[in-house]
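Chains, contacts and geometry: an overview
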Amino acid sequence: QKEVEQDPGPLSVPEGAIVSLNCTYSNSAFQYFMWYRQYSRKGPELLMYTYSSGNKEDGRFTAQVDKSSKYISLFIRDSQPSDSATYLCAMSGFGNYGGSQGNLIFGKGTKLSVKP
Amino acid sequence: EAQVTQNPRYLITVTGKKLTVTCSQNMNHEYMSWYRQDPGLGLRQIYYSMNVEVTDKGDVPEGYKVSRKEKRNFPLILESPSPNQTSLYFCASSPRGVPTKNQPQHFGDGTRLSIL
């Protein structure tokens, strides 16, 4: 199966808060894990990319992958109003999950609002 | 400027009237893909292409056709559109199938189709 679960929110936080966004998945064949940010009326843009398990940090953003729990997270530190957007997790893999490396499976997206 | 260009941006048409949404990228990317985005369902992959003359079904290919005769173009064809194909469509490209931070997947700005 290819399902990816993501809480759609909306999530509203005050400026400066730490934001935690999460996705769970059921298929252990996923190997590549991504987070995209989508502003209203625009296409998604890649924020973070992780291969297999572990953490990756980029400025105020940290992505975590826990393959044993089939759980991925995105943390945003010192959140800003400009972070207000919809955040989508996405996954891909190879092997027996019914797809191939080019077949990206997205979560439904979490809408985040950061209030000044 | 690196970009993915979709046309048209907006289209209202009627059931059964064949239409084509064009997608062109200027980055010499091998991988291109089409998605549809619907409220509550998120971003779902329709078709993707790993290279010229190589196309594969995504998760929701029914009712759509694609072709990849040259690297830069990846049109989406609706032979007989129906109301359930009313959606926001995105084309994307990347150097290879799974995007990385240094080789991100670039999305177009979307095409909003309404099938009456």
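Remember, it's a predicted structure, so these values are computed and weren't measured experimentally. (Residues numbered from 1 in each chain as written. Chains lettered and ligands numbered in written order. Predicted model: local features only at pLDDT ≥ 70, side-chain atom pairs only at ≥ 80, totals over all residues. Heavy atoms only, no water.)

1. Some points on the side chain of His29(B)
All names here are of chain B. By secondary structure assignment, the location of His29 is in the loop between strand E3 (19-25) and strand E4 (31-38). Given a relative accessible area of 6%, His29 falls into the buried group. Other than its neighbours up to four places away in sequence, His29 contacts Arg68, Lys71, Ser93, Ser94, Pro95 and His106. (Helix = DSSP H or I, 4+ residues; strand = E, 2+ residues; numbered from the N terminus. Buried < 20%, exposed > 50% of the residue type's maximum accessible area, 1.4 Å probe, protein only. Contact = heavy atoms within 4.5 Å.)

2. As for the confidence of the model for chain B
On average, residues of chain B score 92 in pLDDT, and 99% of them reach the 70 mark or higher. Mean pLDDT across the secondary structure elements of chain B bottoms out at strand E10 (residues 106-107) of chain B, with 90, and peaks at strand E8 (residues 76-78) of chain B, with 98. (pLDDT = per-residue confidence, 0-100.)

3. Some words on the nonpolar core
Within the largest apolar cluster, 25 residues are counted, with the highest numbers of intra-cluster contacts made by Val4(A), Trp35(A), Ile72(A), Leu74(A), Tyr87(A) and Met91(A). One finds Cys23(B), Tyr47(B), Tyr89(B) and Cys91(B) within the second-largest nonpolar core, a separate group that totals 19 residues. (Core = buried A, V, L, I, M, F, W, Y, C linked by side-chain atoms within 4.5 Å.)

4. With respect to the sheet that holds strand E7 (residues 65-66) of chain B
All names here are of chain B. Strands sit in the order E1-E3-E8-E7 across an open sheet of 4 strands; the sheet is antiparallel. With partners counted over all chains shown, the strands left at the sheet margins are strand E1 (4-7) and E7, one partner each. Taken together, the 2 bridges between E7 and E8 define a ladder with antiparallel strand orientation. Directly across from Val66, in E8, lies its bridge partner Leu76. (Pairing = 2+ DSSP bridges.)

5. Details of the state of the cysteines
Residue and element names in this part refer to chain A. Under the counting rule described, the total for this entry stands at 2 disulfides over all chains. Covalently, Cys23 is tied to Cys89 through a disulfide, its sulfur atoms 2.0 Å apart. Residues Cys23 and Cys89 are joined through a disulfide that is left-handed, its torsion about the S-S bond being -100°. Here the residue Cys23 occupies a position in strand E3 (residues 19-25), and Cys89 occupies one in strand E9 (residues 85-93), the gap between them amounting to 66 residues. In terms of burial, Cys23 and Cys89 fall into one category: buried. (Disulfide = S-S within 2.5 Å.)

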